[in-house]
Amino acid sequence: MTFDITQLIPILPEIVILVLACTLLLVDLYVKDAQKGINHNLTLIGLVVAIAVTLLVGGGERQVVLEGQYVRDALSDTLKVMVLIVSLFVFVYSREYLRDRALATGEYYSLALFAVLGMMIMISANSYLTIYLGLELLALCLYALVAFDRESKKGAEAAMKYFVLGALGSGMLLYGISMIYGATGSLEFGPVAEVVAEQGLDNLVLVFGLAFLVVGIGFKFGAVPFHMWVPDVYEGAPTPVVLLLGSAPKIAAFALAVRLLVDGLGGLHADWQGMLVILAVLSMGLGNLLAIAQSNIKRMLAYSTIAHVGFIFLGLLAGTQEGLAAAMFYAIVYAVMAAGVFGILLVLSRKGYDAENLEDLKGLNERDPWYAALMGLMMFSMAGVPPFVGFMAKFFVLKSIVSIGLVWLAVLAVIFSIIGAFYYLRAIWYMYFDKPTTDAPLTDSGAVRVALSINGLSVLALGLFPALLLSLCQAAFA
Amino acid sequence: MHIDLPLLSLVIWLPILGGIAVLASGDRAAELSKKVALAFAVLTFVVSLPLWFAFDSSTAQMQFVERIPWIPGLEVYYHLGVDGISMPLILLTTFTTIFVIVAGWEVITYKPSHYMAAFLIMEGLMVGVFSALDAILFYVFWEAMLIPMFIIIGVWGGPNRIYATIKFFLYTFFGSVFMLVALIYMAFQAESFSILDFHALPLGLTEQILIFVAFLLAFAVKVPMWPVHTWLPDAHVEAPTGGSVILAAIMLKIGGYGFLRFSLPITPDASSYLDWLIISMSLIAIVYIAFVALVQQDMKKLIAYSSIAHMGFVTLGFFIAFTIFQRADVETGAVMGIQGGMVQMISHGFISGALFLCVGVLYDRLHSRQIGDYGGVINTMPVFGGLMVFFAMANAGLPGTSGFVGEFLVILAAFKADFWFAFLAATTLIIGAAYTLWLVKRVVFGPVANDGVAGLTDINARERFVLGSLAAAVLIVGVWPAPLLEVMDVTVQNLVEHIGLSKL
């Protein structure tokens, strides 16, 4: 078996991130506390390089490398670029918060970058083993990051819950993978798909394996009834970490679901469709209803995530090219919106004070009209009000499920989104209709303002011209 | 002559861009931004005038059509066009917005530039609703319109504004999402999002009924029809004057327009099957809501309820067509009913807008909307008193005013359908006169009630301009409605022919 060095070209983006993460660990040893900003700058430069490299090596025919373990295709190109871009914004937003709380250490940045690497591996995996490794890399980094502020008891508690439940989810997934391996004799998606096409439902082990996979995916997405960790982790973790784990990983989780269910077990579509219907309906319903009851905005956003996951599942369960493209669009758009919303929360926080309650939004329009406008359009977008992109995402998903004849599901989805509209409106009401309770200055910098503006305006621009992103999503499943 | 210019796009985007410009200028130079806002409003009105003058009223085809791909792959187009139904409503929108901007000139002191900008953006979106011929484009404008209104009521509204604005938003949002599902469903059947393709789409009765109900939820809330009208009095009372004017004059019309553009032509059989439902809801609105209006103590609430009753005429006029079709002995009348409904919409736009502005004039001076706080206003404000009496008369349907034309046509058409429909509808002439005249008696006439009223100053040049222009519009349409009827005549006839054919 010879090793061809050209095989490494498609995985150059991952190599860049890996080198970056390791470099940061080393550099951190040599810089003084006052100069920790260098970690931040290095990370941003590295991410930009990684985006450029991804674009360079991307495009063209599907390539399978490393003995069939790894794939680079249109789907992976788009998703990786999106993960990297969203992560770039995440780091820009986090800087002031981390600096003020002396968290901006090399460890933080390298853990976060390893998490990014984990996402990229998930996106490009071509076998059950690779995808599991990517997932664990991501998850382990996130567990550590949730507890990163070691002074915080809430953080430690959240990390503990996250770890135990996450490990349970991973265990389920692994168990499912083992069954599928037993039934098909392969770990690569291609051969598995062939066997599934032959045997189909006759093989009971396969169906059991599928059930465990869906449970695992449900855990990782945070879909009801596997959502228990989401609100606690969102509430307990430091806001920059919530920002990190609430945005880009949704894109990676989408990749996980597509690779596992569609690439590997596409032949069992009829089976997993039914399971996803249940998860989707429960997630949309429970997520939206419970979000109304929250006064902590991080918890509210946690439940809102759960509701959005339900919508992503709607697209996935359609299983058609159209549906998958819609789900992909939704996942990307959600990551962009979530990044913006948590970015605003970071702006509202300041040294010694974390903006966590809905009340903290009060009177934002008087304190800074531009941030209020950005947050407002993000909230309208999440509620699915046009002309913002959140509407387009919902529209594409609804269209795809109406196309497969599940009109009742579409009706149910819109009913839940009406319920959901209330809590987004409440955030806007606090910002615009109430007077500020504090006149403390906002924590931002020129870079944050520019980044948040780009983030917010992209929500509007993509809503007006959804074709820009939609064509990429459609190309990924063509 | 101007056909080459994308007129409709201009009328949509000019105010929106103007709004953004005003918003960006902020309140540092509030006077200047008000002037810019007014300039954009006037310019938009001027740009919209060719729609009327270059309009070819001999055809029912869509005119000033623009069509470019918007979301390729999903067959969604940026598709605009107007016919005799939508064109007058667009002019109503551009016309009314000018007065809303002028009316807020001195009154709004909190972030005036944002206030003006919200109305300009709103104007563009409403024109978009009337001119969109693509279902998704329509829906985007339709929903986006909620955002500025939500902000307007919530920021510049009265003490109970938050309750009112959330109720307004959720109510309308509730209505419209079902419409979205219906639109997507039809697009799936027709493989196109063009509203004109939906018109030609064959649908079974069950499908039609479900689609009809989805549309009904959206449009009935917007009109609003009894029993989903309860958001309107709240929203009107709490909204600032300009917000009430836009709500009453244009937003309600969008519901009526929706019936004509969607419900009737897309689901004619379901409309025919369920016309009893709409007709009874309309009659209840006309009779019952008019009685509710009678007992109101708050002037804005009274006018809000009167709006609901008047909009009942609109929906009645649209749906009696089906009763007329079923009667073998009657041949004409359907066109008259729909035309009456249309005229009623335009006229109600002027009259209710003007009445809300009148209440605004009083409110700006004494900060009360309670009828009991006034009395004998005419002694201190003779010009204003005269105008208010005039608008009240128009509201009661006095011949010679625009209010008469619409009601008369609808009642006449209702006679052809069923005597009792006409009888019930005609009771409005009595009850409507009762509540408006009683309002005028208590507020305008009589001896000066208190020191507040005694200290009132008459309306200034700005207010004279606003109310005077609207009074002129009411008179012109009332005395000489022929041009308005002519513009919509062919379109309405075509519509009646279309809905007379079964899709089954």
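In this text, all values refer to a predicted model and were calculated from it rather than measured experimentally.

Caption draft 1: Structural context of the overall build of chain B. Scanning chain B from N- to C-terminus turns up 22 helices and two strands. By the compact-globule yardstick of 23 Å for 504 residues, chain B fits well, its C-alpha radius of gyration being 22 Å. If you line up chain B on its principal axes, its C-alpha atoms span 70 × 55 × 45 Å. Taken over 504 residues, chain B has a buried fraction of 62%. Looking at chain B alone, contacts between residues at least 24 apart form 81% of all its contacts between residues at least 6 apart.

Caption draft 2: Quick look at the overall build of chain A. Counting its regular elements, chain A contains 20 helices and two strands. At 21 Å, chain A has a C-alpha radius of gyration in line with the 23 Å of a compact globule built from 478 residues. The dimensions of chain A, computed from C-alpha atoms along their principal axes, are 65 × 55 × 40 Å. Per-residue burial over chain A gives 59% buried out of 478 residues. Here the analysis covers contacts within chain A between residues at least 6 apart in sequence; of these, 80% occur between residues at least 24 apart.

Caption draft 3: Focus on the interface of chain B and chain A. Facing 27 residues of chain B, the contacting portion of chain A comprises 26 residues. Of all the elements in the fold, those that place two or more residues in the side of chain B that touches chain A are helix 5 (135-144), helix 6 (146-156) and helix 7 (161-190) of chain B. For the side of chain B that touches chain A, the element with the most residues is helix 7 of chain B, which contributes 14 residues. Tallied by class, the residues present in the side of chain B that touches chain A amount to 23 nonpolar, two polar and two charged.

Caption draft 4: Quick peek at helix 11 (residues 241-266) of chain B. Residues and elements named next belong to chain B. Taking 1.5 Å of rise per residue, 26 residues should cover 38 Å, and helix 11 covers 36 Å from first to last C-alpha, within 8% of that figure. Along helix 11, the sharpest kink reaches roughly 40°, centred on Leu-247. Within helix 11, 26 of the 26 residues are buried, which leaves the element mostly enclosed by the surrounding structure.

Caption draft 5: Local environment of the nonpolar core. Residues and elements named next belong to chain A. Judged by nonpolar contacts, the single largest core of 407 residues is most densely connected at Val-83 and Phe-329. The element that contributes the greatest number of residues to this core is helix 14 (residues 321-348), accounting for 23 residues. Excluding residues within four positions of it along the chain, Phe-329 makes contact with Ala-393, Phe-396, Leu-469, Leu-470 and Cys-473.

Caption draft 6: Representation of the pairing of strand 2 (residues 76-82) of chain B in the model. Residues and elements named next belong to chain B. Of all the seven residues making up strand 2, six are buried; the element is thus mostly covered by neighbouring parts of the structure. Here strand 1 (residues 63-71) runs beside strand 2; their pairing, made up of six bridges, is antiparallel. Within strand 2, the residue paired with Arg-67 across the bridge is His-79. Turn length for the strand 1-strand 2 hairpin, with the two strands adjacent in sequence and antiparallel, is four residues, and the turn residue Gly-73 shows positive phi of about 95°.

Caption draft 7: Examining unusual backbone geometry more closely. A cis geometry characterises the amide bond from A:Val224 onward to A:Pro225, with omega recorded as 5°. Here A:Pro225 is to be found in the loop between helix 8 (204-221) and helix 9 (229-236). Here the amide bond leading from B:Val223 into B:Pro224 is cis, since omega sits at -20°, within 30 degrees of zero. Positive phi is not limited to glycine here, since B:Glu75 has a value of about 60°. Locating B:Glu75 in the fold gives a position in the loop between strand 1 and strand 2.

Caption draft 8: Quick peek at the packing of helix 3 (residues 74-100) of chain A against helix 14 of chain A. All names here are of chain A. At a closest axis distance of 9 Å, the pairing of helix 3 and helix 14 adopts a crossing angle of 5°. With respect to helix 14, the element helix 3 is oriented roughly parallel. In contact with Met-82, Val-86, Phe-89, Val-90, Tyr-93, Ser-94 and Tyr-97 of helix 3, helix 14 contributes Ile-332, Ala-335, Val-336, Ala-339, Gly-343 and Leu-346. Grouping the constituent residues of the contact of helix 3 with helix 14 by class yields 11 nonpolar, two polar and no charged.

Caption draft 9: Spatial organisation of the confidence of the model for chain B. Put simply, chain B has an average pLDDT of 87, and 99% of its residues get 70 or more. Ranking the elements of chain B by mean pLDDT puts helix 20 (residues 451-454) of chain B last, at 80, and helix 5 of chain B first, at 92.

Caption draft 10: Representation of the environment of B:Gly158. Residue and element names in this part refer to chain B. Relative to the helices and strands, Gly-158 resides in the loop between helix 6 and helix 7. Residue Gly-158 is classed as partly exposed on the basis of its 14 C-beta neighbours within 10 Å. Sequence separation between Gly-158 and Glu-238 is 80 residues, and the spatial gap between their C-alpha atoms is 4.5 Å.

Caption draft 11: Inspection of the confidence of the model for chain A at higher detail. Overall, the prediction assigns chain A a mean pLDDT of 89, with 99% of residues at 70 or greater. Across chain A, helix 5 (residues 128-146) of chain A holds the top mean pLDDT of 93, while helix 7 (residues 189-199) of chain A sits lowest at 85.

Caption draft 12: Representation of the environment of A:Arg449 within the structure. Residue and element names in this part refer to chain A. Considering the arrangement of structural elements, one finds Arg-449 in helix 19 (residues 446-464). What makes Arg-449 partly exposed here is the crowd of 16 C-beta atoms within 10 Å. Through-space distance from the C-alpha of Arg-449 to that of Leu-314 is 35 Å; in sequence the pair is 135 residues apart.

Caption draft 13: Spatial organisation of the packing of helix 17 (residues 382-395) of chain B against helix 19 (residues 419-443) of chain B. All names here are of chain B. Here helix 17 crosses helix 19 at 165°, and the two axes come no closer than 8 Å. Put simply, helix 17 runs roughly antiparallel to helix 19. With respect to the hand of their crossing, helix 17 and helix 19 are arranged in left-handed fashion. Only Thr-436, Leu-437, Leu-439 and Val-440 of helix 19 make contact with helix 17, whose side of the interface consists of Met-388, Val-389, Ala-392 and Asn-395. Grouping the constituent residues of the contact of helix 17 with helix 19 by class yields six nonpolar, two polar and no charged.

Caption draft 14: How the structure looks around the environment of B:Asp56. Here B:Asp56 lies in the loop between helix 2 (30-53) and strand 1. Remark: the alpha-carbon pair of B:Asp56 and B:Val487, spanning 431 residues in sequence, is separated by 8.1 Å.

About the cut-offs
Residues numbered from 1 in each chain as written. Chains lettered and ligands numbered in written order. Predicted model: local features only at pLDDT ≥ 70, side-chain atom pairs only at ≥ 80, totals over all residues. Helix = DSSP H or I, 4+ residues; strand = E, 2+ residues; numbered from the N terminus. Rg over C-alpha atoms; globule rule 2.2 N^0.38 Å. Buried ≥ 20, exposed ≤ 12 C-beta atoms within 10 Å, placed from the backbone. Contact = placed C-beta atoms within 7 Å. Nonpolar A, V, L, I, M, F, W, Y, C, P; charged D, E, K, R; others polar. Expected span 1.5 Å × (residues − 1). Bend = angle between axes of the 7 residues up to and from the residue. Core = buried A, V, L, I, M, F, W, Y, C linked by C-beta atoms within 7 Å. Pairing = 2+ DSSP bridges. Axes fitted to C-alpha atoms, helices over the stretch in contact; angles between N-to-C directions. Parallel < 35°, antiparallel > 145°, perpendicular 65-115°, else oblique. pLDDT = per-residue confidence, 0-100. Left-handed = near helix turned anticlockwise from the far one by under 90°.

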